[in-house]
Amino acid sequence: MDFPLIRMRRTRRTEALRSLVRETRLEPGQLIYPLFLCPGDGVRREIGSMPGVFNLSVDEAVKEAEEAAQLGLGGLLLFGLPESKDEQGTGAWDDQGIVQRGLRALKATAAAKKLVLIADVCLCEYTSHGHCGMVVESDGPDGPGYEVENDASVDVLGRTAASLAKAGADIIAPSDMMDGRVAEIRRALDEDELTQTPILSYASKFASAFYGPFREAADSAPQFGDRRSYQMDGANVREAMREIELDLAEGADMILMKPAMPYLDVIRAARERFDVPIGAYQVSGEYSMLQAAFQKGWLEQERAMLESLIGIRRAGADFIVTYFAKDTARVL
């Protein structure tokens, strides 16, 4: 059968028809909103490279959580800016650390019953050198005379995960890309009788140019070298599948792909291969790039925002971490 018997435009004529046959849907409950917690009271400091995103003191974060719950968002992803940093990143596992305090405050609200609280597990925000693990003197690839030491870092990450789970995190999300960290985190959680706490692993986190604005938001830029010796090479999709497979074997319950837009093929490959919940992180550079175009009037904000997120869902992501979460929920 061919034209004129077949007319593909028949089901596109009205919004009601288009909605009826729509294959991919976007709902507020599929969106996770990142929050950057900082010390102080009444602090709401806009991040210069990320219009509409703020560093928030805990009391202000509680207000954001209440709004997120009212909008029907799926959850919050928490990052922390500690009062001080050191080479070991001790603020990451301090039971009085900024994210731990934030989790306890958020858990005391009615909003927490409607939102999943996800705690990012990494050391880059807490170390004075800005790397995601323990740095040792070496002739390694991470800078002159320095190397990010894997196994020592894994031990600290397990300790950090347990501290965050005890403070109230519903999900633990390691983003460091150290080898073996999922197994150690699972061991640490189970040892502390936190066997019901799931792990959302940043299983394929690529060394990307799109993280720049986040490093301003979290004050986490490396002070020397870069992160290419532990984050993935953006050219490799087969290696990404191996990383995911290993993390699942170590005990990850869900996986998170990062970034989203430049790696939609990786999301699709993971969706076709693994029958686990898959999330994708529309990272800071993706957000800031679109915001710059909106401010210039080069793109229609609402349509471009929704199209970018639908593309991530269509590629296979079950949920999306995005700085557009609140704006999108209002539109939807």
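See the structure shown above.
The structure contained in this document is the topic of the report that follows.

Here we come to the layout of surface pockets. One water molecule sets the probe size; rolling that probe over the atoms shows where empty space is left. One number sums up the size of the largest pocket: a volume of about 470 Å³. Listing elements by their share of the lining of the largest pocket, those giving two or more residues are α1 (15–20) and α10 (301–315). In terms of residues, the lining of the largest pocket owes the most to one element, α10, which gives three residues. Grouping the constituent residues of the lining of the largest pocket by class yields five nonpolar, one polar and six charged.

Right, let's get into the nonpolar core. One broad rule of soluble globular proteins: the nonpolar side chains tend to lie buried together. With 108 residues, the main nonpolar core has Phe36, Leu76, Leu103, Ile172 and Tyr281 as its most contacted residues. Element by element, the count of residues in this core is highest for helix α4 (residues 150–167), at seven residues.

Applying the stated criterion across every chain yields a total of 21 salt bridges. Its salt-bridge partner being Glu60, residue Lys63 comes within 3.1 Å of it at the nearest N-O pair. Remark: Glu60 and Lys63 occur in helix α2 (residues 58–71); sequence separation between them is three residues, near one turn of the helix. A salt bridge links Lys326 to Glu64; its shortest N-O distance comes to 2.9 Å. In this pair, Lys326 is assigned in helix α11 (residues 325–331) and Glu64 in helix α2, connecting sequence segments 262 residues apart. Owing to a relative accessible area of 9%, Lys326 belongs among the buried residues under this scheme. One connected set of salt bridges, linked through shared partners, spans Arg44, Glu60, Lys63, Glu64, Glu67, Lys326, Asp327 and Arg330.

This next bit is on unusual backbone geometry. Between Phe3 and the following residue, Pro4, the backbone shows a cis peptide bond with an omega angle of 10 degrees. Relative to the helices and strands, Pro4 resides in the segment before α1. With an omega dihedral of -10 degrees, the bond running from Lys258 to Pro259 counts as a cis peptide bond. Note that Pro259 resides in the loop between β10 (254–258) and α8 (264–273). You will see that Met177, though not glycine, has its phi angle at about 70 degrees, which is positive. Examined against the element boundaries, Met177 turns out to sit in the loop between β8 (171–174) and α5 (181–191). Judged by relative accessible area, Met177 falls into the buried class, the value being 4%. Despite not being glycine, Glu193 shows a phi value in the positive range, around 60 degrees. Its place among the elements puts Glu193 in the loop between α5 and β9 (200–205). Residue classification places Glu193 among the exposed residues on the basis of a relative accessible area of 71%.

A separate point is empty space enclosed by the protein. Counted under the stated rule, the structure contains three cavities of 30 Å³ or more. Quantified by volume, the largest cavity comes out at close to 110 Å³. Counted by class, the lining of the largest cavity contains seven nonpolar, three polar and six charged residues.

Definitions and limits used
Residues numbered from 1 in each chain as written. Predicted model: local features only at pLDDT ≥ 70, side-chain atom pairs only at ≥ 80, totals over all residues. Heavy atoms only, no water. 1 Å grid on protein atoms, 1.4 Å probe; cavity = no way out; pocket = protein on both sides within 12 Å on 5 of 7 lines; lining within 4 Å. Points joined across faces, edges and corners; volume = space filled by probe spheres on them. Helix = DSSP H or I, 4+ residues; strand = E, 2+ residues; numbered from the N terminus. Nonpolar A, V, L, I, M, F, W, Y, C, P; charged D, E, K, R; others polar. Core = buried A, V, L, I, M, F, W, Y, C linked by side-chain atoms within 4.5 Å. Buried < 20%, exposed > 50% of the residue type's maximum accessible area, 1.4 Å probe, protein only. Salt bridge = Lys/Arg side-chain N within 4 Å of Asp/Glu carboxyl O.

Geometric values such as these leave the question of function open.
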